[in-house]
Amino acid sequence: MSNRSLLNTMGFYALVVIIVVFACFPFYYAIVTSFATGTQLFQVQYWPQQLSWTNYNAVLGNSTFVRSLFNSLFIASLTVGFSLLLAVTASYALARVRFRGRGLLLMTILAVSMFPQIAVLAGLFELIRFLGIFNTPWAMILSYVIFTLPFTVWVLTTFMRDLPVEIEEAAIVDGATPWVIISQVFLPLLWPALVTTGLLAFIGAWNEFLFALTFTSSETQRTVPVAIALLSGASQQEIPWGPIMAASVIVTVPLIVLVLIFQRKIVAGLTAGGVKG
Amino acid sequence: MAKIELNNVTKSYGAVDVIKGIDLTIEKGEFMVFVGPSGCGKSTLLRLISGLEEITTGDMMFDGQRVNNVVPSERGIAMVFQSYALYPHMKVYDNMAFGMKLAKSDKGEIDRRVRNAAKMLQIDHLLDRLPRQLSGGQRQRVAIGRAIVRDPRVFLFDEPLSNLDAALRVQTRLEIAKLHHDMNDVTMIYVTHDQVEAMTLADRIAVLRDGKLMQVGTPAELYDNPNSIFVAGFIGSPKMNFITGEKAQAEGATTLGIRAEHIDLDEGGPWQGEVVHAEDLGSDHYLFVDIGTDEPVIVRRSGKLNVPLGTRVGLRPRPQDLHRFGPDEKPIRR
């Protein structure tokens, strides 16, 4: 019996190791490569042979790359801000206000997210030209918000539905307007959902490539994924793998930091105590 | 502080009529209890008065003023919910002050009222806690405190005790009664399915069934002179004994009702039967006597149980306490 449970435990951890290696290896290999220089780049190696910061210096010394970092930060932050604002208000209506066609509207919102990016690219491009925001951060913010909203609205609607109706009714009796209910009563209870969806929206906006490539033309407007892809070496024939890997590691670190910070904020059972039980 | 009049009020959800035309006047300072089985519409009626639901047809008047389309916060009501409905992220103090803060009241006035209400309910030491750090009874007191701070014309209670355990329920019931006594002239409307709560708290009770008013009256009126079999069976514990068939016809009724405490043991009594079950409550006891009807007749006697099971006994109902009902389930007047 104890042999069997030992075997089970070993099997369990073996599977865990396989999954972790499978998920993390590409990123690990990028880190290893980012410390390599010269011909080392083209040898397969699983441990860093030396800690050379040359690639990092090259990338961070490149002023357009630093500029793209800030572009990305600006665009991703505003995307999160706009989509959360719109999604919270929309999900309040979808979860709590009874109106005709509510289910249809929810399905339509979901359907929007089913289109592949490439299918709407041309139409979106026309729209952006029409609005005169081509080659500005607003082009990306607009398109990212469009693609983030369906998911955000769905998740928040689900959360909003689970909030006790009595709390809302108590607020109504207390004289709260819908906006006060959303901002002062529901928002504090929705933090875990907001953090989760906001984080995913941020990651999506931060990593997006196709729109960012299409809607920018000048170096100074590029976001980080485009900047990395367009990093050029000394000659046409040389692909600068070292700096590319260093840049990739640099742009991933903020995401990891964000997740680590907000992980602590995701407190389960925040509504405990408001209603019975 | 408010007189509430309902004139032919109805409420429908689509094709479903939940409240089917209710006329009722609740006097200033009255403690009115809505009671009835689940699904009878008593909570809906309370929500119509609160303004959380709109009435479909009819008129609702507060002190002679039509309030059909007035939003809850402007009706001068305060509501205590079954599930307490406290704001989980706010401290007790902020929970109680929220309504006044939204009304942009003076800070000093808010503080004075919150502390007064807290003192009244003996929760002044809990003001800095969050709802999740409180016990069920304390949470319900905070919810009541939140209602008091609003200084409403009408207090509405929606089954406020049903989430509390038995001992706490009795204690909180006393406190609500005391509250009504202390706050002179405050109109209170209280919804419950528990007829004991209704009997002990109410100035008047309104019994509802299927969205209609069955009877409105003081607890004593309902207990002594129920106007239907339904009310007779709903009010009072243990339930009134109902006897049909020959024994009822002998008294000139379709159904005969007699309360457990209105039956005496008498060897020569008209009903003869066997004691099939007994319950001893200490101060008094119940005998369940099978006299050949569908259900055994319950007899309530004071003192300790002294009749062994299986004993054959004779029962004599007190004639002045017999309720005789006709085929329409209404009482037959003598």
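The rules behind each value
- Each chain has its residues counted from 1, running along the sequence as written.
- Just so you know, chain letters begin at A and ligand numbers begin at 1, following the order they were written in.
- The model is predicted, so local features are restricted to residues of pLDDT at least 70 and side-chain atom pairs to those at 80 or more, both for listing and for counting; the totals for chains, interfaces and linings are taken over all residues.
- Side-chain numbers here rest on the full set of heavy atoms in the structure, without hydrogens or water.
- Strands are runs of DSSP state E lasting at least 2 residues, helices are runs of H or I lasting at least 4, and numbering of each runs from the N terminus.
- When we talk radius of gyration, it's over C-alpha atoms, and the globule rule is simply 2.2 Å times the number of residues to the 0.38.
- Throughout this description, buried means an accessible area under 20% of the type-specific maximum (1.4 Å probe, protein chains only), exposed means over 50%, and partly exposed covers the range between.
- Any pair of residues with heavy atoms lying within 4.5 Å of one another is described as a contacting pair.
- Patch criteria: residues need more than 30% relative accessible area and no salt bridge. Like-charged residues are merged within 9 Å; nonpolar side chains of Val, Leu, Ile, Met, Phe, Trp and Tyr are merged within 5 Å.
- In these tables, accessible area is a Shrake-Rupley quantity obtained with a 1.4 Å probe, and a residue counts as shielded only by the protein chains included in the view.
- Note on definitions: salt bridges are taken to be side-chain nitrogens of Lys or Arg within 4 Å of carboxyl oxygens of Asp or Glu.
- Any helix carries an expected span of 1.5 Å times its number of residues minus one.
- Lines fitted to C-alpha atoms define the axes here, with helix axes fitted over just the stretch in contact, and angles between the N-to-C directions of these axes take values from 0 to 180 degrees.
- These descriptions rest on fixed angle ranges, namely under 35 degrees for roughly parallel, over 145 for roughly antiparallel, 65 to 115 for roughly perpendicular, and the rest for oblique.
- Ten residue types, Ala, Val, Leu, Ile, Met, Phe, Trp, Tyr, Cys and Pro, are classed as nonpolar, four, Asp, Glu, Lys and Arg, as charged, and the remainder, Gly among them, as polar.
- Of the two site types, the cavity is a set of points on a 1 Å grid over the protein atoms alone where a 1.4 Å probe fits but cannot get out, and the pocket is an open set with protein on both sides within 12 Å along at least five of seven lines, each lined by residues with an atom within 4 Å of a point.
- Grid points are joined across faces, edges and corners, and a volume is the space filled by probe spheres set on the points.
- The pairing criterion for strands is at least two bridges between them, as found by DSSP.
- Note on terms: buried area is the combined drop in 1.4 Å-probe accessible area of two parts once they are placed together, counting the loss on both.
- Polar contacts here mean pairs of N or O atoms no more than 3.5 Å apart (in protein, one a potential hydrogen donor and the other a potential acceptor; neighbouring residues in sequence count only if both atoms are side-chain atoms).
- An automatic or database domain assignment provides the domain bounds reported here.
- In this tally Asp and Glu are treated as negative and Lys and Arg as positive; neither His nor the chain ends contributes.

1. So, the overall build of chain A
Regarding its fold elements, chain A presents twelve helices and zero strands. Against the 2.2 N^0.38 benchmark of 19 Å for 277 residues, chain A shows a C-alpha radius of gyration of 23 Å, more extended than a compact globule. With respect to the three principal axes, the spread of C-alpha positions in chain A is 70 × 70 × 30 Å. For chain A, the proportion of its 277 residues judged to be buried stands at 39%. In chain A, of all internal contacts separated by at least 6 residues, the share reaching a separation of at least 24 is 72%.

2. Remarks on a nonpolar patch on the surface
On the surface, A:Val17, A:Val21, A:Phe25, A:Val44, A:Tyr46 and A:Trp47 cluster together to form a nonpolar patch covering roughly 670 Å² of accessible area. Relative accessible area serves as the criterion here: at 65%, A:Trp47 is assigned to the exposed category.

3. Considerations on helix 4 (residues 136-149) of chain B
Between the first and last C-alpha of helix 4 of chain B there are 20 Å, a value that for 14 residues agrees with the 20 Å anticipated at 1.5 Å per step. Counting buried residues along helix 4 of chain B, twelve of its 14 residues qualify, which places the element largely inside the surrounding structure. For helix 4 of chain B, the full list of buried residues reads B:Gly137, B:Arg139, B:Gln140, B:Arg141, B:Val142, B:Ala143, B:Ile144, B:Gly145, B:Arg146, B:Ala147, B:Ile148 and B:Val149. Against the buried residues of helix 4 of chain B lie helix 7 (165-173) of chain A together with strand 6 (77-80), helix 2 (92-102), helix 3 (107-120), strand 7 (154-158) and helix 5 (166-182) of chain B. Within two residues after helix 4 of chain B, B:Asp151 carries a phi angle of roughly 50°, on the positive side.

4. Details of the packing of helix 3 (residues 63-96) of chain A against helix 8 (residues 178-189) of chain A
Residue and element names in this part refer to chain A. Two elements in contact, helix 3 and helix 8, have axes separated by 11 Å at closest approach and are oriented at 105°. Judged by the angle between their axes, helix 3 and helix 8 are roughly perpendicular. Counted together, Leu85, Val88, Thr89, Tyr92 and Arg96 of helix 3 and Pro178, Trp179, Ile181, Ile182, Phe186 and Leu187 of helix 8 form the full contact between these two elements. Here the contact of helix 3 with helix 8 is composed, by residue class, of nine nonpolar, one polar and one charged.

5. As for empty space enclosed by the protein
For the coordinates displayed, the defined rule picks out one cavity of 30 Å³ or more. What the largest cavity holds in volume is close to 60 Å³. Residues belonging to the lining of the largest cavity are distributed by class as follows: six nonpolar, no polar and three charged.

6. Thoughts on the layout of surface pockets
Approximately 780 Å³ is the volume attributed to the largest pocket. If you go around the largest pocket, you meet 26 residues; those closest to its centre are A:Arg96, A:Arg98, A:Ile172, B:Leu52 and B:Glu53. Elements that contribute at least two residues to the lining of the largest pocket include exactly helix 3, helix 7 and helix 8 of chain A together with strand 1 (4-13) of chain B. With four residues, the single largest contributor to the lining of the largest pocket is helix 7 of chain A. Taken together, the residues of the lining of the largest pocket break down into twelve nonpolar, three polar and eleven charged.

7. Describing helix 1 (residues 42-50) of chain B
Among the nine residues in helix 1 of chain B, eight count as buried, and that is most of the element. With its phi angle positive at about 95°, B:Gly51 sits one or two positions after the end of helix 1 of chain B.

8. Brief notes about the pairing of strand 10 (residues 212-217) of chain B
Residues and elements named next belong to chain B. Here five bridges tie strand 9 (residues 204-209) to strand 10, and the two strands are oriented antiparallel to one another. Of the residues in strand 10, the one forming a bridge with Arg209 is Lys212. Connecting strand 9 to the antiparallel partner strand 10 that follows it, the hairpin turn spans two residues, and Asp210 within it adopts a positive phi of roughly 50°.

9. Some remarks on the interface of chain A and chain B
Counting residues at the interface gives 23 residues for chain A, matched by 25 residues for chain B. Buried area between chain A and chain B, summed over both chains or domains, comes out near 2100 Å², and the portion from carbon and sulfur atoms is 62%. Our count for the contact surface shared by chain A and chain B stands at two salt bridges. Between A:Asp174 and B:Arg150 there is a salt bridge, with its nearest N and O atoms 3.5 Å apart. Scanning the region where chain A abuts chain B turns up eight residue pairs in polar contact (both at pLDDT 80 or more). At seven residues, the largest contribution of residues to the side of chain A that touches chain B is made by helix 7 of chain A.

10. Here's the deal with the domain arrangement of chain B
As a measure of interface size, the accessible area lost when the parts come together is often cited. Residue and element names in this part refer to chain B. If you check the domain split of chain B, you get domain 1 (4-232) and domain 2 (243-325). The C-alpha-based centres of domain 1 and domain 2 are spaced at 38 Å. On the side of domain 2, five residues touch domain 1, which itself brings seven residues to the contact. Taken together, the links from domain 1 to domain 2 amount to zero salt bridges. Of all elements in the fold, only helix 7 (219-224) and helix 8 (229-234) reach the threshold of two or more residues within the side of domain 1 that touches domain 2. Top contributing element to the side of domain 1 that touches domain 2 by residue count: helix 7, with three residues. Partitioned by chemical class, the residues of the side of domain 1 that touches domain 2 number five nonpolar, one polar and one charged.

11. Topic: the domain arrangement of chain A
Residues and elements named next belong to chain A. When cut into domains, chain A gives domain 1 (2-42) and domain 2 (63-263). Each side of the interface is counted separately: domain 1 has seven residues, and domain 2 has seven residues. Here domain 1 and domain 2 share an interface that buries about 560 Å² over both sides, 89% of which is from carbon and sulfur atoms. Together, Phe27, Ala30 and Ser34 form the three largest contributors to the area buried by domain 1 at its contact with domain 2, with a combined 61%. Between the two partners, domain 1 and domain 2, sit zero salt bridges. Across the side of domain 1 that touches domain 2, the residue classes tally to five nonpolar, two polar and no charged.

12. Notes on the pattern of salt bridges
For the coordinates displayed, the defined rule picks out 18 salt bridges over all chains. When the shortest N-O distance is used, the salt bridge between A:Glu168 and A:Arg96 registers 2.5 Å. With a gap of 72 residues between them, A:Glu168 in helix 7 and A:Arg96 in helix 3 connect regions that are remote in the sequence. When sorted by exposure, A:Glu168 lands in the same class as A:Arg96, which is buried. Connected via shared salt-bridge partners are A:Glu169, B:Lys11, B:Arg47 and B:Glu53.

13. A few points about the side chain of B:Arg324
All names here are of chain B. With respect to the element layout, Arg324 can be found in strand 18 (residues 323-325). Buried and unpaired, Arg324 has Glu251 as its nearest opposite-charge partner, separated by 5.9 Å. Polar contacts involving the side chain of Arg324 include one to the main-chain carbonyl oxygen of Glu251, which spans 3.0 Å.

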